[in-house]
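# Coordinate inspection notes
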There are 2 protein chains.
Amino acid sequence: MGLEERRKREKEQRRSAILNAARKLFFEKGFKYVTVDNIAKKSELSKGSIYLHFKSKEEIYTHILFSDIEKFNKKSAHLFQDNKSAAELILEFACIYFDFFLNDRELFRIMMTFMLHTEDMNLAESVNEHIIEVTNNTIKIIETILQHGIEQGEFPPDINVRQCRNAIWGFLNGIISLHLFTGKEASREERIRSTIKGSLSIFIKGLKSFRRSDEMISQNNNFQTI
Amino acid sequence: MGLEERRKREKEQRRSAILNAARKLFFEKGFKYVTVDNIAKKSELSKGSIYLHFKSKEEIYTHILFSDIEKFNKKSAHLFQDNKSAAELILEFACIYFDFFLNDRELFRIMMTFMLHTEDMNLAESVNEHIIEVTNNTIKIIETILQHGIEQGEFPPDINVRQCRNAIWGFLNGIISLHLFTGKEASREERIRSTIKGSLSIFIKGLKSFRRSDEMISQNNNFQTI
DNA sequence: GTCATTTGCTGACCAACGGTCATATGATGA
DNA sequence: TCATCATATGACCGTTGGTCAGCAAATGAC
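For the structure given in this document, a descriptive report is provided here. (Residues numbered from 1 in each chain as written. Chains lettered and ligands numbered in written order. Predicted model: local features only at pLDDT ≥ 70, side-chain atom pairs only at ≥ 80, totals over all residues. Heavy atoms only, no water.)

## Some thoughts on the nonpolar core
Ile60 and Met111 of chain A together with Ile60 and Met111 of chain B are the most contacted members of the largest nonpolar core, which totals 145 residues. Ranked by the residues each element gives to this core, the list is headed by helix H5 (residues 86-103) of chain B, at twelve residues. The residues touching Met111 of chain B, leaving out its near neighbours within four places in the chain, are Leu65, Ile69, Tyr97, Phe101, Trp169 and Asn173 of chain B. (Core = buried A, V, L, I, M, F, W, Y, C linked by side-chain atoms within 4.5 Å. Buried < 20%, exposed > 50% of the residue type's maximum accessible area, 1.4 Å probe, protein only. Helix = DSSP H or I, 4+ residues; strand = E, 2+ residues; numbered from the N terminus. Contact = heavy atoms within 4.5 Å.)

## Here's the deal with the packing of helix H4 (residues 57-75) of chain B against helix H7 (residues 125-151) of chain B
All names here are of chain B. The interhelical angle for the contact between H4 and H7, taken along N-to-C directions, is 25°, at an axis separation of 9 Å. With respect to H7, the axis of H4 lies roughly parallel. Here H4 and H7 pass one another in a crossing that is left-handed. Across the interface between the two elements, Glu59, Thr62, His63, Leu65, Phe66, Ile69, Glu70, Phe72 and Asn73 from H4 touch Val127, His130, Ile131, Val134, Thr135, Asn137, Thr138 and Ile141 from H7. (Axes fitted to C-alpha atoms, helices over the stretch in contact; angles between N-to-C directions. Parallel < 35°, antiparallel > 145°, perpendicular 65-115°, else oblique. Left-handed = near helix turned anticlockwise from the far one by under 90°.)

## Structural notes on the protein's contact with DNA strand D
As a matter of local geometry, DNA strand D sits amid 17 residues, with Ser49 of chain A together with Leu3, Arg6, Lys47 and Lys57 of chain B nearest to it. The sugar-phosphate share of atoms of DNA strand D within 4 Å of the protein amounts to 70%. Measuring from a phosphate oxygen of DNA strand D, one finds a side-chain N or O atom of Ser49 of chain A at 2.7 Å. Side-chain polar atom of Lys47 of chain B to a base oxygen of DNA strand D: 2.6 Å apart, as the coordinates give it. Taken together, the residues of the surface near DNA strand D break down into five nonpolar, six polar and six charged. (Near = heavy atom within 4 Å. Polar contact = N/O pair within 3.5 Å; in protein donor to acceptor, adjacent residues only side chain to side chain. Nonpolar A, V, L, I, M, F, W, Y, C, P; charged D, E, K, R; others polar.)

## Describing the relation of the copies chain B and chain A
Note on the copies: chain B fits chain A at an RMSD of 0.1 Å, the axial shift is 0.0 Å, and the rotation between them is 180°. Here the two chains are linked by the operation of a two-fold rotation axis. A share of 98% of interface residues in chain B that are also interface residues in chain A marks the association as one of identical surfaces. (Least-squares fit on C-alpha atoms with pLDDT ≥ 70 in both.)

## Notes on the interface of chain B and chain A
In this assembly, 50 residues from chain B lie in contact with 50 residues from chain A. For the pairing of chain B and chain A, the buried interface totals around 4500 Å² over both sides, and the portion due to carbon and sulfur atoms is 62%. Viewed at the interface, chain A and chain B are joined by two salt bridges. The shortest N-O distance in the salt bridge between Arg188 of chain A and Glu119 of chain B comes to 2.9 Å. At the boundary of chain B with chain A, the tally comes to six residue pairs in polar contact (both at pLDDT 80 or more). (Buried area = accessible area lost by both parts, 1.4 Å probe. Salt bridge = Lys/Arg side-chain N within 4 Å of Asp/Glu carboxyl O.)

## Let's talk about the pattern of salt bridges
All names here are of chain B. Evaluated as defined, the whole model comprises 27 salt bridges over all chains. In this structure, Arg14 engages Glu10 in a salt bridge whose closest nitrogen and oxygen atoms are separated by 4.0 Å. Of this pair, Arg14 and Glu10 both sit in helix H1 (residues 2-29), separated by four residues, roughly a single helical turn. Taking relative accessible area as the criterion, Arg14 reaches 36% and is therefore assigned partly exposed. Between Glu185 and Arg188 there is a salt bridge, with its nearest N and O atoms 3.4 Å apart.

## Focus on the packing of helix H4 (residues 57-75) of chain A against helix H6 (residues 105-116) of chain A
Residue and element names in this part refer to chain A. Orientation of H4 relative to H6, taken along the N-to-C sense of each, is 110°, at an axis distance of 10 Å. If you check the angle between H4 and H6, you find them roughly perpendicular. Crossing hand, H4 versus H6: left-handed. Of H6, the residues touching H4 (which contributes Tyr61, Thr62, Ile64, Leu65, Asp68 and Ile69) are Leu107, Ile110, Met111 and Phe114. When the residues that make up the contact of H4 with H6 are grouped by side-chain class, the tally is eight nonpolar, one polar and one charged.

## Here's the deal with the packing of aromatic side chains
Residue and element names in this part refer to chain A. In total, this model carries 18 aromatic pairs over all chains according to the counting rule given. Ring plane angle 50° and centroid distance 4.8 Å describe the contact between Phe100 and Phe101, whose orientation is recorded as tilted. Judged by its relative accessible area of 15%, Phe100 falls in the buried class. Seen from their ring centres, Phe101 and Phe108 are 5.0 Å apart, and the 75° between their planes marks the pair as edge-to-face. Accessibility classification places Phe101 together with Phe108 in one group, the buried group. The rings of Phe72, Phe93, Tyr97, Phe100, Phe101 and Phe108 are connected pair by pair, giving a single aromatic cluster. Arg109 extends its terminal NZ or CZ atom over the ring of Phe181, reaching a point 4.1 Å from the ring centre. (Phe/Tyr/Trp six-rings, centres within 6.5 Å; stacked < 30°, edge-to-face > 60°. Lys NZ or Arg CZ within 6 Å of the ring centre and 35° of its normal.)

## Quick look at a negative patch on the surface
All names here are of chain A. On the surface, Glu70, Glu125, Glu129 and Glu133 cluster together into a patch of negative charge. The element best represented in the negative patch is helix H7 (residues 125-151), accounting for three residues. Tracing the backbone shows Glu125 in helix H7. Classification of Glu125 by relative accessible area gives exposed; the value is 56%. (Patch = residues over 30% accessible without salt bridge, like charges linked within 9 Å, V, L, I, M, F, W, Y side chains within 5 Å. Areas by Shrake-Rupley, 256 points an atom, 1.4 Å probe, with all protein chains shown as cover. Lys, Arg positive; Asp, Glu negative; His and termini not counted. Charge placed at Lys NZ, Arg CZ, Asp CG, Glu CD.)

## Regarding a positive patch on the surface
Where like charges cluster on the molecular surface, the positive patch consists of Lys140 and Arg162 of chain A together with Lys184 and Arg191 of chain B. Arg191 of chain B gets classed as partly exposed once you look at its relative accessible area, which sits at 31%.

Next up, the structure:
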């Protein structure tokens with residue numbers, strides 16, 4: 001069985017070499033501007049070999065997104081070690097989430113591209129499922145924090161946890177989208193940080209005083225508007 | 001002077017023909033999959049003629065984005081006609097904002113693509129400025145609503161209006177990004193609506209009870225985390 | 001109306017690029 | 001050693017955004 005294992009190992013090594021080469025190039029030049037030829041040369045393989053391992057260029061960057069987000073999720077586990085309030089945890093999570101993309105901006109572009117073009121992408125079916133899964137795992141961290149807040153009595157049990165976790169995640173992505181690539185370079189980081197912190201604090205304050213009756217009133221307003 | 005005017009008029013007609021043709025095709029097939037050749041044929045011009053009017057394919061779809069957002073902004077002026085609370089106005093704005101993109105999903109993709117790749121796009125300088133301006137006009141609608149809320153005593157004067165308007169806009173885009181192209185098609189619309197409404201209500205509740213002391217506490221927490 | 005000049009349009013061309021696959025090369029085992 | 005199988009290669013292909021030499025049309029002077 002040594003033969004098969006060696007082959008398997010070598011195949012995996014090649015695959016890693018491709019991903020590592022691609023990752024460097026994408027983050028250096030932007031994934032849109034890196035060609036498969038560039039990746040082939042940097043990984044010291046032929047262009048055709050690339051396609052022995054990946055279905056498409058899109059699949060390469062989706063794999064990179066997958067593994068980076070997976071790392072982020074693991075790293076975020078440390079959040080729960082200290083005994084912090086849920087409010088603190090949300091803000092801290094937001095901070096490390098932003099840092100993650102600030103460190104590799106291209107990764108944010110890749111992620112948003114994935115979200116905007118999910119249906120169009122040329123990926124093996126399993127790749128699609130995997131990326132959706134790890135993305136959901138990120139969102140679930142927020143969910144866990146919210147549940148923690150409910151258990152600790154910080155937030156009322158009335159809140160729609162699923163909805164709030166999506167809202168917080170959407171909010172983070174929206175703010176990052178708004179400021180990470182536009183406006184004066186020098187002030188982008190600080191602007192995102194303060195917007196995230198300031199507005200999440202408002203959201204958290206709203207959460208803390210939430211009553212189910214608030215939701216009902218809101219729905220009534222909706223009927224009147226229609 | 002009749003000659004120049006006719007020429008000018010004809011040039012403008014050709015330009016409109018191109019934009020109209022492009023708009024139909026983009027929204028039918030997705031802007032990524034429409035070629036300049038397709039646009040040329042549909043507008044009954046040669047491919048080279050397209051480039052007499054627009055610097056690039058990107059500039060075509062940016063122009064479409066520009067004019068559609070401009071229309072949206074004008075249409076949103078009706079928001080202020082009735083005497084509604086700022087809370088109601090925010091929710092109503094959010095609703096029509098989402099409807100705008102629900103109606104033309106490709107437009108949302110174009111907008112997000114613009115935001116993610118602003119620095120990379122092959123546009124005439126003025127086009128870039130114009131699209132940023134109309135986008136800012138959209139954001140300013142939210143700002144006007146917030147100011148209205150402060151004047152009416154709904155929101156405390158302490159709130160950072162500029163930051164909140166960006167937060168709300170970012171939030172809307174983030175939620176739309178999250179759900180417009182992913183998940184079960186049948187439930188996407190409702191999911192976005194309820195997330196926007198539910199979470200904006202929480203945010204608004206937080207706004208209503210905001211005190212500048214809240215902000216200071218939040219900043220202190222930040223120092224402890226670092 | 002003719003013709004030189006100016007203006008504008010055309011579509012063949014070009015480079016680039018993702019992806020393919022016939023052919024070549026290397027590994028394996030009898 | 002050699003037949004067979006597995007894998008790698010890079011020339012090739014179709015496509016696409018953008019270019020521009022050549023052509024067509026418009027204009028205005030005579």
